[in-house]
Amino acid sequence: MIYFDNAATTIKKPKKVIGEVIYSIENYGNPGRGGYPPSLNAAKKIFNTRLVLANFFGSYSPERVIFTLNATMSLNIAVKCFTKPDSHILLSCFEHNSVYRPVNQLVRQSQTEYDVFDVDNQDEQTVNNAVNLIRENTRMIVITHVSNVCGKILPVRDIIKKVKEKKPDIIAVVDAAQSAGVLDINIYRDNIDILCVPSHKSMLGIAGLGIIILNDKLEIPETTFFEGGTGINSLEKIMPPETPEHFEAGTQNTPAISALSAAVEYINSETPEKIYSREKILYDKAIDMLKSLKKVKLYSDFARNNYTGAILFNIDGYECEDIARILTANQIFVRDGYHCSPLAHQKLGTIDTGGVRISFGYHNTVKELDKFYSVIKNL
């Protein structure tokens, strides 16, 4: 099996991650819900994971590391809880439906308006495009760090710096679904207000867990995303006002949280720089391979230093679904279609056709890429 769909989820996990899942299932109780060792140990493990993640992403406050079901839920919390009625939101043209749909839901409820800023080949122009769309009532800007469709890296730090110079109170939300664990992210250095991360992609954890990290300076709204038991203040009718309990209700996914702690330990031992370098070697080689074939149309080679992980392409004479089916028959697994990101496909000119996406992980090899190339070359 050759697995080239890491932008969706990374299948191969470090052994330590798998071990933590098994240990958690066999030894931990319901965290924060009892005074006996299995419950207390689970609660301790979850808090330690908050510490690990806070340190990894440059936060000083583990209590502002909040666990969710996935990055989609994290982004929904950011958009729906931290905006206000009659406000304005800025989105990049590469935003995933986990941003695009919540924003449009607010529009349908007549609560907000939004604009989409264009991402240019030149980072300076991209920054200007965002700044030029700021209004007096602009409340939030949401930026995907890396496009899940074509691997484009957006100049997140520069965008946030310039938009905050023009409007200091703007809330900067970063979707790190494709970058966390591969690219360097520091919420204080980069002036990020809300960072949203999934566990199961390049963070090398398992599915069923997302993270939202809030900057210390960010005021916590009264609005909650959902309500339920937290293990504290059980006689109160409303959710606790403090984080993380304000946004966490019900039993935590202790196996996934434990696994993520082990995953971060593995990433730190390898270093994100080394993981990125390994993926970049595959990316550059794959681009050269695909460019050598006349019938292949690439959508991911504008400026190589600004791309990582994912490559989008089509082949003249084939539907993208046909290409994916042929690759699957050769035990090479990729993603075809629209990748939950219509804005990106509008930008890339593939809104009528979709495309084939290959995306690399830390475990992929040049030998696997050679096999992929031989199949594509035959087509």
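Every value quoted in this text rests on a predicted model; they were computed, and no experiment measured them.

1. Points about helix 2 (residues 37-56)
Okay, so step 1: Taking 1.5 Å per residue, 20 residues should reach 28 Å; helix 2 reaches 28 Å between its end C-alpha atoms and fits that length.
Okay, so step 2: Among all positions of helix 2, only Ser39, Ala42, Lys45, Ile46, Thr49, Arg50, Leu53, Ala54 and Phe56 are buried.
Okay, so step 3: After helix 2 finishes, the residue glycine 58 shows a positive phi value of roughly 75°.

2. Describing the environment of asparagine 48
Okay, so step 1: Tracing the chain through its elements places asparagine 48 in helix 2.
Okay, so step 2: Spatially, the C-alpha atom of asparagine 48 lies 9.1 Å from that of serine 258, the residues being 210 residues apart in sequence.

3. Some words on the sheet that holds strand 9 (residues 296-298)
Okay, so step 1: Across the sheet, four strands lie side by side as 9-10-13-12; this open sheet has antiparallel pairing. Every other strand in the sheet has two partners, leaving strand 9 and strand 12 (335-337) as the edge strands with one partner each. Ignoring strand direction, the axes of neighbouring strands in this sheet form an average angle of 30°.
Okay, so step 2: The sheet contact formed by strand 12 and strand 13 (residues 355-359) spans three bridges and is antiparallel. Looking at the pairing, arginine 335 lines up with arginine 357 of strand 13.

4. Quick word on unusual backbone geometry
Okay, so step 1: Of note, the amide linkage connecting threonine 243 to proline 244 takes the cis form, showing an omega dihedral of 5°.
Okay, so step 2: In the Ramachandran plot, histidine 339 falls in the positive-phi region, its phi being about 55° despite a non-glycine side chain.
Okay, so step 3: Within the secondary structure, histidine 339 sits in the loop between strand 12 and helix 10 (342-348).

5. Considerations on the packing of helix 2 against helix 7 (residues 254-270)
Okay, so step 1: Interhelical geometry of helix 2 versus helix 7 gives an angle of 40° and a closest axis separation of 9 Å. Remark: the crossing between helix 2 and helix 7 carries left-handed chirality. Of the residues in helix 7, those in contact with Ala42, Lys45, Ile46, Thr49, Val52, Leu53 and Phe56 of helix 2 are Thr254, Ile257, Ser258, Leu260, Ser261, Val264, Ile267 and Asn268.
Okay, so step 2: Residue composition of the contact of helix 2 with helix 7, grouped by class: nine nonpolar, five polar and one charged.

6. Brief notes about the pairing of strand 10 (residues 310-315)
Regular strands place side chains that alternate from one sheet face to the opposite one.
Okay, so step 1: Of all six residues in strand 10, six are buried, a share of seventy percent or more.
Okay, so step 2: Both faces of strand 10 are covered, namely the face carrying Ala310, Leu312 and Asn314 and the face carrying Ile311, Phe313 and Ile315.
Okay, so step 3: Two elements, strand 10 and strand 13, share four bridges in a ladder whose sense is antiparallel. Residue pairing across strands places phenylalanine 313 opposite valine 356, the latter belonging to strand 13.

Scoring rules and cut-offs
- Residues numbered from 1 in each chain as written.
- Predicted model: local features only at pLDDT ≥ 70, side-chain atom pairs only at ≥ 80, totals over all residues.
- Heavy atoms only, no water.
- Helix = DSSP H or I, 4+ residues; strand = E, 2+ residues; numbered from the N terminus.
- Expected span 1.5 Å × (residues − 1).
- Buried < 20%, exposed > 50% of the residue type's maximum accessible area, 1.4 Å probe, protein only.
- Pairing = 2+ DSSP bridges.
- Axes fitted to C-alpha atoms, helices over the stretch in contact; angles between N-to-C directions.
- Left-handed = near helix turned anticlockwise from the far one by under 90°.
- Contact = heavy atoms within 4.5 Å.
- Nonpolar A, V, L, I, M, F, W, Y, C, P; charged D, E, K, R; others polar.

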